[in-house]
Amino acid sequence: MNFELSEEHKMIRDAAREFAQELKAGVIERDEAAKFPYDFVKQMGSLGFMGIMVPEAYGGAGMDTLAYVLALEEIAKIDASAAVIMSAHNSLVCYGLNEYGSEEQKQKYLKPLASGEKLGAFALSEPEAGSDASSQHTMAEDKGDHYLLNGTKNWITNGGNADIYLVIAQTDPEKGHRGINVLIVEKGMEGFSIGPKENKLGIRSSDTHSLMFSDVRVPKENRIGEDGFGFKFAMKTLDGGRIGIAAQALGIAAGAYDLALAYSKERKTFGKPISNHQAIQFKLADMEVDIEAARLLTYKAAWTKDQGLPYGKVAAMAKLHASEVAMKHTVEAVQIHGGYGYVKEYHVERLMRDAKITQIYEGTSEIQRLVIAREVLKD
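Just so it is clear, the model here is predicted, and its values are computed rather than measured. In this convention, every chain numbers its residues from 1, walking through the sequence in written order. In view of the model being predicted, local features appear only for residues whose pLDDT reaches at least 70, and side-chain atom pairs are presented and counted only at 80 or more, with totals across whole chains, interfaces and linings using the full set of residues. Where side-chain values are given, they derive from all heavy atoms of the structure, hydrogens and water being excluded.

A. The arrangement of helix H3 (residues 38-46) in detail. Three exposure classes are used, based on accessible area relative to the maximum for each residue type with a 1.4 Å probe and protein chains only: buried under 20%, partly exposed in between, and exposed over 50%. The way it works is that DSSP assigns letters per residue, a run of H or I at least four long becomes a helix, a run of E at least two long becomes a strand, and they are numbered from the N terminus. By the burial criterion, the buried members of H3 are Phe 40, Val 41, Met 44 and Gly 45. The buried residues of H3 occupy an angular sector of 150 degrees when projected down its axis, which confines them to one face. Away from its buried face, by an angle of more than 90 degrees, H3 presents the exposed residues Asp 39 and Ser 46. Should any heavy atoms of two residues lie within 4.5 Å, those residues are counted as being in contact. Contacts made by the buried residues of H3 are with helix H1 (7-24), helix H2 (27-33), helix H4 (65-78) and helix H5 (80-100). Looking one or two places after H3, you find Gly 48, whose phi comes out positive at around 90 degrees. By construction, the arc corresponds to the directions joining the helix axis to the C-beta atoms.

B. Quick peek at the pattern of salt bridges. Every case where a carboxyl oxygen of Asp or Glu lies within 4 Å of a side-chain nitrogen of Lys or Arg is listed as a salt bridge. Applying the stated rule across the entire model yields 21 salt bridges. One salt bridge connects Lys 77 with Glu 74, and the closest N-O pair in it is separated by 3.3 Å. Highlighted residues: Lys 77 and Glu 74, both in helix H4, separated by three residues, approximately one helical turn. By relative accessible area, which is 17% here, Lys 77 ends up buried. Between Asp 142 and Lys 220 there is a salt bridge, with the nearest N and O atoms lying 3.2 Å from each other. Placement of Asp 142 in strand S2 (residues 139-142) and of Lys 220 in the loop between strand S7 (208-219) and helix H7 (230-266) is noted, with a sequence separation of 78 residues between them. Classification of Asp 142 by relative accessible area gives partly exposed; the value is 39%. A relative accessible area of 21% means that Lys 220 is categorised as partly exposed. What you see here is one network of salt bridges that share partners, running through Asp 31, Lys 344, Glu 349 and Arg 353.

C. Representation of the UniProt feature "domain: Acyl-CoA oxidase/dehydrogenase middle" (unreviewed entry) in the chain. The positions UniProt marks with the feature "domain: Acyl-CoA oxidase/dehydrogenase middle" (unreviewed entry) are residues 121-216. Across residues 121-216, helical content stands at 0% and strand content at 50%; the span's end C-alpha atoms are separated by 17 Å. UniProt positions are given in the numbering used here, feature names are shortened, and annotations may be inferred rather than shown by experiment.

D. Geometry of the packing of aromatic side chains. Pairs were defined over the aromatic rings of Phe, Tyr and Trp, the Trp ring being its six-membered one, requiring ring centres within 6.5 Å. Orientation was assigned from the angle between planes: stacked under 30 degrees, edge-to-face over 60, tilted for the rest. Under the criterion given, the structure shown has 12 aromatic pairs. Aromatic side chains Tyr 165 and Phe 192 sit 5.0 Å apart centroid to centroid with 90 degrees between the ring planes, which places their arrangement in the edge-to-face category. Residue Tyr 165 is located in strand S4 (residues 164-170), and its partner Phe 192 is located in strand S6 (residues 192-197); the two are separated by 27 residues in the primary sequence. On the basis of relative accessibility, which here comes to 0%, the residue Tyr 165 falls in the buried class. Their ring planes at 90 degrees and their centres at 6.3 Å tell us that Tyr 263 and Tyr 346 sit as a pair that is edge-to-face. With Tyr 263 in helix H7 and Tyr 346 in the loop between helix H9 (312-337) and helix H10 (348-357), the pair connects residues that are 83 residues apart, well separated along the chain. Each residue in the set Tyr 95, Tyr 100, Phe 229 and Phe 233 is aromatic and connected to the rest through ring pairs, giving one cluster. Only lysine NZ and arginine CZ atoms are considered, and such an atom sits over a ring when it is within 6 Å of the ring centre and within 35 degrees of the ring normal. Above the ring of Tyr 147, the side-chain terminus of Lys 220 is found at 5.2 Å from the ring centroid.

E. Fine view of a nonpolar patch on the surface. What makes a patch is a set of residues exposed beyond 30% relative accessible area and free of salt bridges, joined within 9 Å when like-charged and within 5 Å when nonpolar (Val, Leu, Ile, Met, Phe, Trp, Tyr). Note that accessible areas follow from Shrake-Rupley with a 1.4 Å probe, and for residues the cover is restricted to the protein chains shown. A cluster of nonpolar side chains, namely Met 1, Phe 3 and Leu 296, defines an oily patch on the protein surface of about 440 Å² accessible area. Here Leu 296 shows up in helix H8 (residues 278-306).

F. Molecular detail of the layout of surface pockets. Only protein atoms enter the 1 Å grid used here, on which a cavity is any set of points holding a 1.4 Å probe that cannot leave and a pocket is any open set flanked by protein within 12 Å on both sides along at least five of seven lines; residues with an atom within 4 Å of a point are listed as lining. Grid points are joined across faces, edges and corners, and a volume is the space filled by probe spheres set on the points. Looking at the second largest pocket, its volume works out to about 540 Å³. Along the wall of the second largest pocket there are 19 residues; nearest its centre are Asn 2, Phe 3, Leu 66, Tyr 299 and Lys 300. Of all elements in the fold, only H1 and H8 reach the threshold of two or more residues within the lining of the second largest pocket. Looking at the lining of the second largest pocket element by element, the count peaks at seven residues for H8. Note on residue classes: Ala, Val, Leu, Ile, Met, Phe, Trp, Tyr, Cys and Pro are nonpolar, Asp, Glu, Lys and Arg are charged, and everything else, Gly too, is polar. Grouping the amino acids of the lining of the second largest pocket by side-chain chemistry returns seven nonpolar, four polar and eight charged.

G. Quick peek at unusual backbone geometry. Of note, Trp 155 is a non-glycine position whose phi angle comes to about 60 degrees, a positive value. Structurally, Trp 155 is set in strand S3 (residues 146-157). You will see that Phe 270, though not glycine, has its phi angle at about 55 degrees, which is positive. Note that Phe 270 resides in the loop between strand S8 (268-269) and strand S9 (272-273).

H. Layout of H5. The end-to-end C-alpha separation of H5 is 28 Å, in line with the 30 Å expected for 21 residues at 1.5 Å each. What is called the bend at a residue is the angle between a pair of axes, fitted to the seven residues leading up to and ending at it and to the seven starting from it. Along its length, H5 reaches its greatest deviation from straightness, about 30 degrees, at Cys 94. Burial analysis of H5 places 19 of its 21 residues in the buried class, which makes it a mostly covered element. Two or three places before Ser 81, at the opening of H5, Asp 79 has a side-chain oxygen 3.0 Å from that residue's backbone nitrogen. The span expected for a helix works out to 1.5 Å for each residue beyond the first. Here a polar contact is taken to be a pair of N or O atoms separated by no more than 3.5 Å, where protein atoms must pair a possible hydrogen donor with a possible acceptor and residues adjacent in sequence count only if both atoms sit in side chains.

I. Expanded view of the pairing of strand S1 (residues 120-123). Going residue by residue along S1, you find Gly 120 and Phe 122 tucked away on one face and Ala 121 and Ala 123 tucked away on the opposite face as well. Pairing between strands is defined by DSSP: at least two bridges between the two strands are required. As paired strands, S1 and S4 are joined by four bridges and run parallel to one another. Bridge pairing links Phe 122 to Leu 166 in S4.

Put into structure tokens, the structure is as follows:
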């Protein structure tokens, strides 16, 4: 069992770490203004981060899942909004197209997505379909050579800035989840409109919108997979997406820890750095242990996927643990900073706000426990 990263993986990690330092400039202002980081997203594309797991033949970097996780972790340490833009684009859109799309779909849609020329979004959640993903009310009526798409999607990451959307919709309600399809929808299609940007607690510079479809004509060739494949597509895609969110949560937790550790060495009380006080030392020790455990789980999930082994359970475990560690220890980072932790310029309050969503999207912590328990009880 080798825990040493390869030279290639170290290069990816270091490149992402260097890029993240560029993200740091203006990150507080982007958060306050809920401003999408357009230029940085383009830069992530030029660095190969927006198609990091896509084969080079389709314009990607041709790297593995571990490389993806390493890059995401470093970016999330500084700017979790940029990390989730990259994560949703890679895990939920590029992966799905690369794994299940036709050759024509890959040429037309995957190539510009993998290069970062275009941005992708994944539309599954609805007003009445979040954790219960099978309860789709968005309808894709089969009209022979096309589908007529009607309905509303909620909480869509990259919703306002995406060019290409993978939309999960019900075609045959009598078949239940076996009647669900996934359709590729392009921005600008007649009848497709985007709602106002959500005003969120955290990850504020990533854009989250509702999407509305009113008699949108989607060509039949834009369906991914066979008729009725949509629900399976969503579940398979979310398994990989959970690895991305685990990496994001890990980065948030590690970023908060780095700030708390540095501050504890600088801040003095009673004539000595607060890192000399046992109360602070115990907090730092607990943070180090929990974050390293989350890192190992997340890396194991990535490795398992790269080996072609079943990875649903370990992905759920990584996402569950990393997100709870992120929430717990960003709170502790604020506590270590004392009053300064409540002030925006010290960054930790933003990381605390960013952490919360990692317990919710791409499957809540409660759903992760159900996934894990279901797999455990199979054994």
